[in-house]
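What follows is the residue order along each chain.
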Protein chains: 2
Amino acid sequence: MTDSRADLGRAIEDIRRHVPHRTYPTLADANAAVVQRMIESEPWLVDVVLAQDVIPQFAGRKLILHAGPPLDWSEMTNPARGAVFGALMYEGWAEDEAAARRQADAGDIEFLPCHDVNAVGPMGGITSPTMAVFVLENRPFGNRAYCTINEGTGRVMRFGYYGPDVIERQRWMRDTLRPVLGAGVRAAGGINLKRIAAEALAMGDEFHQRNVAASAIFLRELAPWLSRVCHDADQLTSVFSFIAQTPQFFLNLAMAYGKATVDAARQIRAGSVVTTMARNGVQFGIRLSGTGDRWFTGPVNTARGVYFSGFTAEDGNPDIGDSTVTETIGWGGIAQAASPGVCKIVGVPSLADAIRSTEAMRTISIAEHPDFVVPTLDWRGVPIGIDATRVVELEVLPMIHTGIAHKEPGRGQIGSGTVHPPMQCFTQAVHAYAAQLGELALRA
Amino acid sequence: MTDSRADLGRAIEDIRRHVPHRTYPTLADANAAVVQRMIESEPWLVDVVLAQDVIPQFAGRKLILHAGPPLDWSEMTNPARGAVFGALMYEGWAEDEAAARRQADAGDIEFLPCHDVNAVGPMGGITSPTMAVFVLENRPFGNRAYCTINEGTGRVMRFGYYGPDVIERQRWMRDTLRPVLGAGVRAAGGINLKRIAAEALAMGDEFHQRNVAASAIFLRELAPWLSRVCHDADQLTSVFSFIAQTPQFFLNLAMAYGKATVDAARQIRAGSVVTTMARNGVQFGIRLSGTGDRWFTGPVNTARGVYFSGFTAEDGNPDIGDSTVTETIGWGGIAQAASPGVCKIVGVPSLADAIRSTEAMRTISIAEHPDFVVPTLDWRGVPIGIDATRVVELEVLPMIHTGIAHKEPGRGQIGSGTVHPPMQCFTQAVHAYAAQLGELALRA
């Protein structure tokens, strides 16, 4: 893309002078309405089931979901490919890596973005039909969202591992964790994740690279329900141990929370609010409220960050995963000031730097979330609702916190850092929305 | 007390020029050694038992423990008196309030400070022989400390309630909570409370008026052990529910942590480090490392703070409870900057004010705790080890966070706030330590 600033300025002017929606006469009205839906969203965890139980697209085909905007098997980077091998073996579709590779190379496997089926997935985002998924219900709006369960640390499929231990863990999640959690959640009448997130944000979580407080609160809220429904001491103990040892357990709930939230907002088809940010390891893709399902993509960046001992930026896979849905709703890098603990992990030198960063995010955001208030900002709310026109105009890109995968399959996480989307996603989106509004105006 | 500044200056000079201990040739050496013991302390929760199982002083007498420095029944304020009525009924020593009052008025009940028997107690601190208590072991030093279990919110004995519901809860704590927690803790081989506290401090707890993160982490750590040892679903569920609904659950563990810590430090009989701060509703008492078991007291202040709707400072009981043991080891008001959540509750307007307050506390403290680091201070440690000579010299009093009890019995908590010890505790202590060192020098 080689947009001149003048062209962009005209596109933004065009967007601002058109009536974006019959109910919302101005861009500001439309954006406010979209963000109000984000703010009013209240996702509850209501069940834990097999992916195929809630995602009808799995029926009758060999379908695998992946993170980010659409891409082919041939384009996938190694962390996602490794996870695909694991998923094919877990589903019993392939006996070993060689067979899995042959099937994928032969085009026997279909791929769809998680985002197309009300789902999101971390890192590779690889989701197959009999994996366990959380079911979230956004109660004020009635829409649902799904995400797999966090596998813990170390050798995990989301970073491209596909050894027998990884597949065995998936089976345990399907056969023990899913039914126990599902029964507890149903007995509780659902778990209000908004309340948990508000409490945990005040404890330094930002729900992308830090979820340790929310995970503990989730366990606190669910424990009495689990002991009520599960009378097998070994199973119950294994579930408690797993959650207790998984500080990022809440991440996948936070991601499904984000998906349930943006999908409610996306029901208003107007405005320049960023309603999706996701990466597939090759492309970073965004979508706007006004342009609906259309993706605007650019080559992903590789995170700058803090590498685990023995690794360097050379080893890092380009940025990957749907977890940027957290930034899309004002968490993660957008809420950096809320989380001094994350600053350490992703390489931000001081709380003062983090506060400046979140202040910059406020300049490209529509509102502040009244329920997600930040102690280190003297209880101001997190900025929420990124306005693509402001990103382009101010040349301020959203701040993203991210885990860094090794670029080879099966090598896992090698660090954490910060990264920005490529600017061209936003310039393309602004031009496309301006053009769309112009065409609509001509037809009217 | 009407100490002239000149007299005080001479006393401080005397303290500084004497050799305080044969192992520690200077005051700075002695103070550093005392505080080093505080820093190296590592209290583990190792059991939950009846008070009489671990406190031999209960044997063969009608003894009740209370908070703060020694006082008689006739001096006790109403929150403590109400709790005494409850305790006498709970123990079966009195049938009703009238009988309890008669016994206490007749001198049939003996009273001792918790601090005299390796224990601490919140608010009234009323502890009777068959109440359930936590047993902490300070592993590097081998000493133990005890504290009752937090009763939750609302109508609770520590604020002077003594109705049948309060007594029934004590029975449940004795008959269900104690054995379940005790078995879980023993199966776990003890729970390292230092690790939990370090994690929770970074989540905004200061362990006096805010313990919500530590309570959730405690539950997270213990849950797999509880499900392993308790196979009665109703009991297990009641224990999980109770802890989940008690955001101050960890307070009593933090207090016992503080007691185990100061008692290890008190084994070095030298220096001007404050090793006890406690209030009985009438007197605020402190003790110094160099003066051992001797109390230095002054009339307690009443907290300035945020009152629950319908109450004013008029209704507040003077400051009461052993919970200032948290400030004595660098938590609570000393660590105000760590806890923006507490600032709201106790009436501190902004995080900047809290940071200034903790910086002031650094000027009267010996060291910074390397393991208790504060995200909002860019990971500097909490100030630890209050030096009575600096308090007097700089005229900077320790900051204390406190709950406010209604002054009538059985009315409960009516607010939270900040309070200072009376200066005269410190001036008395400094004069007494100077005199003691002078006498020793004369005899040498």
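Each value, and the rule that gives it
- Residues numbered from 1 in each chain as written.
- Chains lettered and ligands numbered in written order.
- Predicted model: local features only at pLDDT ≥ 70, side-chain atom pairs only at ≥ 80, totals over all residues.
- Helix = DSSP H or I, 4+ residues; strand = E, 2+ residues; numbered from the N terminus.
- Rg over C-alpha atoms; globule rule 2.2 N^0.38 Å.
- Buried ≥ 20, exposed ≤ 12 C-beta atoms within 10 Å, placed from the backbone.
- Contact = placed C-beta atoms within 7 Å.
- Least-squares fit on C-alpha atoms with pLDDT ≥ 70 in both.
- Expected span 1.5 Å × (residues − 1).
- Pairing = 2+ DSSP bridges.
- Axes fitted to C-alpha atoms, helices over the stretch in contact; angles between N-to-C directions.
- Nonpolar A, V, L, I, M, F, W, Y, C, P; charged D, E, K, R; others polar.
- Parallel < 35°, antiparallel > 145°, perpendicular 65-115°, else oblique.

Participant: Go over the overall build of chain A with me, naming the residues and quoting the values.
Facilitator: Assigned secondary structure in chain A consists of 15 helices and 16 strands. Its C-alpha atoms give chain A a radius of gyration of 21 Å, near enough to 22 Å, the size a compact globule of 444 residues would have. Overall size of chain A, expressed as C-alpha extent along the three principal axes, is 65 × 50 × 45 Å. Across the 444 residues in chain A, those meeting the buried criterion constitute 61%. Taking contacts inside chain A between residues at least 6 apart in sequence as the whole, the part at least 24 apart equals 75%.

Participant: Explain the relation of the copies chain B and chain A to me, using residue names and the numbers behind them.
Facilitator: Rotating chain B by 180° and moving it 0.0 Å along the rotation axis overlays it on chain A with an RMSD of 0.0 Å. When the rotation and shift are considered jointly, the pair of chain copies conforms to a two-fold rotation axis. Minimal C-alpha distance to the rotation axis in chain B is attained by Met 203 of chain B, lying at 2.1 Å. Interface residue correspondence from chain B to chain A reaches 100%, placing this contact among same-surface, isologous pairings.

Participant: Residues and numbers for helix H2 (residues 27-40) of chain A, please.
Facilitator: Residue and element names in this part refer to chain A. Helix length check: H2, at 14 residues, gives a terminal C-alpha distance of 20 Å against a target of 20 Å (1.5 Å per residue), a fit within 8%. Regarding H2, the residues found buried are Leu 27, Ala 30, Asn 31, Val 34, Val 35, Arg 37, Met 38 and Ile 39. Each element contacted by the buried residues of H2 is listed here: helix H1 (5-17), helix H10 (249-265), strand S13 (365-374) and strand S14 (380-386).

Participant: Explain the sheet that holds strand S5 (residues 132-138) of chain A to me, and be specific about the residues and the numbers.
Facilitator: Residue and element names in this part refer to chain A. Taken in spatial order, the 5 strands make up an open sheet running S4-S6-S5-S1-S7, and their pairing is mixed. The open sheet has two edge strands, strand S4 (119-120) and strand S7 (191-192), and neither has a second partner. Against the sheet, helix H6 (residues 164-187) contacts strand S1 (43-50), S5 and S7, and its axis sits at roughly 145° relative to S1.

Participant: Now, about the interface of chain B and chain A: what can you tell me, with residues and values included?
Facilitator: If you look at the interface, chain B gives 27 residues, while chain A gives 27 residues. Taken together, the elements giving at least two residues each to the side of chain B that touches chain A come down to helix H8 (212-229), helix H9 (233-244) and helix H12 (340-346) of chain B. The element best represented in the side of chain B that touches chain A is H8 of chain B, accounting for 10 residues. Here the side of chain B that touches chain A is composed, by residue class, of 15 nonpolar, 8 polar and 4 charged.

Participant: Provide a residue-level description of the packing of helix H6 (residues 164-187) of chain B against H8 of chain B, including the pertinent values.
Facilitator: Working note: a packed helix pair is described by the angle between its axes plus the distance between those axes. Residues and elements named next belong to chain B. The geometry of H6 relative to H8 is characterised by a closest axis approach of 8 Å and an angle of 110° between their N-to-C directions. Here H6 lies roughly perpendicular to H8, going by the angle between them. When H6 is examined against H8, the residues Val 180, Ala 183, Gly 184 and Ala 187 are found in contact with a partner set consisting of Leu 222, Trp 225, Leu 226, Arg 228 and Val 229. Its residues placed into classes, the contact of H6 with H8 shows 7 nonpolar, 1 polar and 1 charged.

Participant: Give me the pairing of strand S8 (residues 274-280) of chain A: which residues, what numbers.
Facilitator: All names here are of chain A. Most of S8 sits out of view: 7 of its 7 residues are buried. Summarising the sheet, S8 and strand S9 (residues 283-288) pair through 5 bridges and their orientation is antiparallel. Its bridge partner lying in S9, Val 274 is registered against Leu 288. Between the antiparallel neighbours S8 and S9 lie 2 residues, among them Gly 281 with a positive phi of about 95°.

Participant: Account for the sheet that holds strand S15 (residues 400-405) of chain A, naming residues and giving values.
Facilitator: Paired through backbone hydrogen bonds, the strands of a sheet run either parallel or antiparallel to each other. All names here are of chain A. Spatially, S11-S16-S15 is the arrangement adopted by the 3 strands of the open sheet, whose pairing is antiparallel. Edge strands, defined here as strands with exactly one partner in the open sheet, are strand S11 (304-307) and S15. When strand polarity is set aside, the average angle formed by the axes of neighbouring strands in this sheet is 25°.

Participant: Give me the lowdown on the environment of Ala 367 of chain A, citing residues and values where you can.
Facilitator: All names here are of chain A. The topology assignment puts Ala 367 in strand S13. Take Ala 367: there are 20 C-beta atoms within 10 Å of it, and that puts it in the buried class. Not counting the four nearest positions on each side in its chain, Ala 367 is found in contact with Val 35, Ile 39, Ile 384 and Gly 385.

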